[in-house]
Amino acid sequence: MRRFSLSIMRRLSVDTPSTALKQLPTVIAFVIAVLLAFLLPDMITRPIAVFRGSVVMVVATALSLFFAGRGRVTAWALLVPGLDLFAIALLRTGTGGTTSLFSALIILPVLWVAAEKGRRWVVVTAVGTSLALMVPYVVDWRWPADIAEWLRGVFSPFVFGVAAAIINELSRQARQQLVSIQRLARDREVRLKETLSLADQLKENEQRLNAADRFTRSVLDAVTEQSVIGTDLTGLIDVWNPGAAVMLGLPATETQGKRHIYDFHLDEELENRSRELNYPPGATVLNPGFSALVESARLGRAEVRDWTYVRTDGSSVSVAVAVTPRVDEDDATVGYIFVATDVTQALEVARLKDEFVGLISHELRTPLSSILGYLELLRDDDESPLSEEQLQYLNVAERNAHRLLRLVGDLLFTAQVTSGKFPLDISQVVLNEVVAAAVQSAGPVGSAAGVELILHLPEDSIVVRADAVRLGQACDNLISNAIKFTPRDGTVTVSLGSTDTDAVITVLDTGMGIAASELDQLYARFFRASTATRNAVPGVGLGLTITKAIVIAHDGELDVDSEEGVGTAFSMSIPLPRRS
Amino acid sequence: MSAGAVRVVIADDDADIRALVSIAVGKAGLDLVAAVADGDQAWLALQEHHPDLAVLDVSMPGMTGLELCRLIRADAALAGLHIVLLSAAVDDQARAAGFEAGADEFFLKPFSPREFAAWLSDFMVPEK
């Protein structure tokens, strides 16, 4: 393509004919003229001038061949027509001088020079012709004899000058045309190239799009354990993956564009949820159930909620559905995606676990009830009172039975927390009382361990909405932990205070502390700090799990600050009721 | 035992607990007329003896304490029978369910025999 256009350009170029080619007409005309001069009688008036002219012409022609061989044409090439002019002037001198038959030959080199680029060549041509025409006078060494001879020296160059100007202009125009033709050709070539690369790009994009489409489709098809359903803004189904077909028993051909997502929901659940959300406006005012279904997604929140899908045969399946919005390139919501996981089995497992924990708890508590009951009977036996020593043994047995009982209670409670069944009995609670009671009940344990208990209470009562029993349990846990982990002669300081938003209960000890690397595992079930195991502090690692769960259930926060060997501070923040 | 004493039926599937409750009942000076191991036997004992007080375990083979409770409250012939439920449960929901089924009092296991006996004596005083 490129080579083709170059050859066109070369052929069209005014400047490209080689100097040899340009010289050719002049040489031919000159040779004919010289031949004529020799053949016709009385033509040659000065043979020496004709000879010199011929020599100059040979030199000029040789020079033209030299420049043609050089390839690149320079301004120096114009020496050739200059010499031509000189050769013709000598020929003219030798064949009759001013009256020579061959004056017209001058036009040939004039054509050459005049066609050069630039107006100055018009002047050069005029001057050159004028000089050439004057050569006979120079050779004869005389002035022009009369007005006619003067005019011949001036008028002819004028005519040649005019001709040169016309030729110069014409060739300028031709050159411009050539330039614009060349530019057009180049432009076209560039366009063509652009078009070709655009076509390549389009093809590539199409392939990429196809690949992305195939990928999405294969992912959707690969998800067989979950149903993936896509709808538009009104809930009309347009995506229905094999997982949905398996879960709901209908192929895509019977749902896409034909059914709505809410056709597969339990009406009752949708109505309840809609009522809960106070009838959200949503995109479909006419269908509050669907609006309730997508409310969170519409507001840009990810939500996973338990629903019941109903198959066309009336059977149902418990699912956890994640609803997310589908957006177009402008981020406007154009529909929703519903990814549902069958949780029937998970629910069954959770139920079995609850049942198991309940059973174990019952089975453990019943023998413990007997142990504690009969131990009490022994202690209360008035007829044969126990000796001091026997009473001590009894105390140990009772203490350990209580410890077991607490452990069973903690286990059961932990199970309730993890299964999300964690009822709170909320009422107005005066925290001063709760904290004071916890410190008081820890008193005997504290004094037995040789740990001083210090209580700081504010003068004003701090009242929160909370479960008094659970908060008490949380305080008990923190205080008994602090005592357990504090060596003899240490102190445990319990203080109650408040910020603008929260009531804060802090339990500070001078104990062995917790390693910084263990702080983040502190609330994991059955986690025990290395300091606890190293120092043989009893416990199974449920207390903080339970405390944390209680605090979280109250929308509060549990913070810890500890330094190994210095002590630990736990802070429970419980939100204060907002003043309205 | 005097004829005017408060008559008690006990039902618990655990023999040791049953014995423990019996001892508490004895300490409180009440008249134990039957101690059985499941809900169905308890129902029969109640029909037979028409006691003043029934101490029932919540979870028993056969009828549970709660079912028994509802059955008693639905039976006009057993009107005026006081019911005490015993449970190894830990949450307040169990307690609420017990009262809803018609129980007069609810004791969580483990319970102190001393306190239980004291409560029985106090509870029955106005009856005398």
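Fair warning: this is a prediction, and the values are worked out from it, not measured in the lab.

Colleague: Hey, could you run me through the overall build of chain A in this one?
Modeller: In terms of regular secondary structure, chain A is built from 16 helices and 12 strands. Counting over 580 residues, chain A shows a buried share of 28%. Sequence separation of 24 or more characterises 62% of the internal contacts of chain A that already satisfy a separation of 6 or more.

Colleague: Could you clarify how one ought to interpret the overall build of chain B in this entry?
Modeller: Counting its secondary structure elements, chain B contains 5 helices and 5 strands. The N-to-C order of helical and strand elements in chain B reads β-α-β-α-β-α-β-α-β-α. When the 128 residues of chain B are sorted by exposure, 39% land in the buried category.

Colleague: Just checking my understanding: could you explain the nonpolar core for this structure?
Modeller: Within soluble globular proteins, side chains that are nonpolar tend to cluster in buried spots. With 40 residues, the main nonpolar core has V8(B), I10(B), V25(B), V55(B), L56(B) and C69(B) as its most contacted residues. Listing elements by their share of this core, those giving two or more residues are β1 (7-11), α1 (15-27), β2 (31-36), α2 (39-49), β3 (53-57), α3 (65-74), β4 (82-87) and α5 (113-124) of chain B. Ranked by residues supplied to this core, first place goes to α1(B) with 5 residues. If sequence neighbours within four positions are ignored, I10(B) has contacts with R18(B), V21(B), S22(B), V25(B), L32(B), A35(B) and V55(B). A49(A), V56(A), A77(A) and A114(A) belong to the second largest nonpolar core, which has 39 residues in total.

Colleague: Looking at this structure, I do not really get the packing of helix α3 (residues 47-70) of chain A against helix α4 (residues 79-94) of chain A. What am I missing?
Modeller: The relative placement of two packed helices is expressed as an angle between their axes plus a distance between the axes. Residue and element names in this part refer to chain A. Taken N-terminus to C-terminus, the directions of α3 and α4 make an angle of 165 degrees; their axes are 7 Å apart at the nearest point. It follows from the interaxial angle that α3 and α4 lie roughly antiparallel. Of the two possible hands of crossing, α3 and α4 adopt the one that is left-handed. Here α3 contributes P47, A49, V50, R52, G53, V56, M57, V59, A60, L63, S64 and F67 to the contact with α4, which in turn contributes L79, V80, L83, D84, F86, A87, I88, L90, L91, T93 and G94.

Colleague: Would you mind showing me how to read the sheet that holds strand β5 (residues 333-342) of chain A here?
Modeller: Either a parallel or an antiparallel arrangement is found when strands of a sheet pair, and the pairing is made through backbone hydrogen bonds. Residues and elements named next belong to chain A. Judged by pairing direction, the sheet is antiparallel, and its 5 strands sit side by side in the order β2-β1-β5-β4-β3 without closing on themselves. Each edge of the sheet is formed by a strand with only one pairing partner; in this case those strands are β2 (237-240) and β3 (303-310). Pairs of neighbouring strands in the sheet enclose a mean axial angle of 30 degrees, with direction left out of account. Of the strands in this sheet, β3, β4 (316-327) and β5 are in contact with helix α10 (residues 288-298), which crosses β4 at around 45 degrees.

Colleague: Quick question: what am I supposed to make of the sheet that holds strand β11 (residues 557-563) of chain A here?
Modeller: All names here are of chain A. The sheet built from 5 strands is open, its strands ordered β7-β9-β10-β12-β11 with mixed pairing. What marks the edges here is a single partner per strand, and that holds for β7 (452-456) and β11. Ignoring strand direction, the axes of neighbouring strands in this sheet form an average angle of 10 degrees. Here 7 bridges tie strand β9 (residues 491-498) to strand β10 (residues 502-509), and the two strands are oriented antiparallel to one another. When the sheet's bridge partners are listed, S498 is paired in β10 with A503. Relative to β10, helix α14 (residues 468-484) is tilted by about 20 degrees, and along the sheet it contacts β9, β10 and β12 (567-575).

Colleague: Can you walk me through the interface of chain A and chain B in this structure?
Modeller: Many structure descriptions define interface size as the accessible area lost when the parts assemble. Each partner contributes to the interface: chain A provides 18 residues, whereas chain B provides 17 residues. Going through the elements one at a time, α11 (344-380) and α12 (388-418) of chain A are the ones with two or more residues in the side of chain A that touches chain B. The element best represented in the side of chain A that touches chain B is α11(A), accounting for 13 residues. Considering only residue class, the side of chain A that touches chain B consists of 7 nonpolar, 7 polar and 4 charged.

Colleague: Help me understand the environment of G450(A), please; the structure alone is not making it clear to me.
Modeller: Residue and element names in this part refer to chain A. Tracing the backbone shows G450 in the loop between α13 (431-449) and β7. Considered as a pair, G450 and D489 are 39 residues apart in the sequence and their alpha carbons are 5.5 Å apart. In this view, G450 contacts R488 and D489; residues no more than four positions away in its chain are not counted.

Colleague: How should I be thinking about the confidence of the model for chain B in this particular structure?
Modeller: Atom-level detail of predicted coordinates should not be read off regions where pLDDT is low. All names here are of chain B. In this model, chain B carries an average pLDDT of 87, and 91% of its residues clear a pLDDT of 70 or more. Across chain B, element-level confidence peaks in β1 with a mean pLDDT of 94 and bottoms out in helix α4 (residues 92-100) with 84. Our summary of model confidence lists the complex with pTM equal to 0.51 and ipTM equal to 0.89.

Colleague: How do you make sense of the environment of P157(A) when you look at a structure like this?
Modeller: All names here are of chain A. Along the polypeptide, P157 turns up in helix α7 (residues 147-222). Residues P157 and L131 lie 26 residues apart in sequence; the distance between their C-alpha atoms is 8.8 Å. When residues no more than four places from it in sequence are discounted, the contact partners of P157 are A126, T129, S130 and L133.

Colleague: Please explain the packing of helix α2 (residues 19-39) of chain A against α4(A) as it appears in this structure.
Modeller: All names here are of chain A. Across the interface, α2 lies against α4 with an axial gap of 11 Å and an inter-helix angle of 5 degrees. By the angle between their directions, the pair α2 and α4 is classed as roughly parallel. The segment α2 lies against α4, with T19, Q23, T26, F30, A33 and V34 engaging V80, D84, A87 and L91. Counted by class, the contact of α2 with α4 contains 6 nonpolar, 3 polar and 1 charged residues.

Definitions and limits used
- Residues numbered from 1 in each chain as written.
- Chains lettered and ligands numbered in written order.
- Predicted model: local features only at pLDDT ≥ 70, side-chain atom pairs only at ≥ 80, totals over all residues.
- Helix = DSSP H or I, 4+ residues; strand = E, 2+ residues; numbered from the N terminus.
- Buried ≥ 20, exposed ≤ 12 C-beta atoms within 10 Å, placed from the backbone.
- Contact = placed C-beta atoms within 7 Å.
- Core = buried A, V, L, I, M, F, W, Y, C linked by C-beta atoms within 7 Å.
- Axes fitted to C-alpha atoms, helices over the stretch in contact; angles between N-to-C directions.
- Parallel < 35°, antiparallel > 145°, perpendicular 65-115°, else oblique.
- Left-handed = near helix turned anticlockwise from the far one by under 90°.
- Pairing = 2+ DSSP bridges.
- Nonpolar A, V, L, I, M, F, W, Y, C, P; charged D, E, K, R; others polar.
- pLDDT = per-residue confidence, 0-100.

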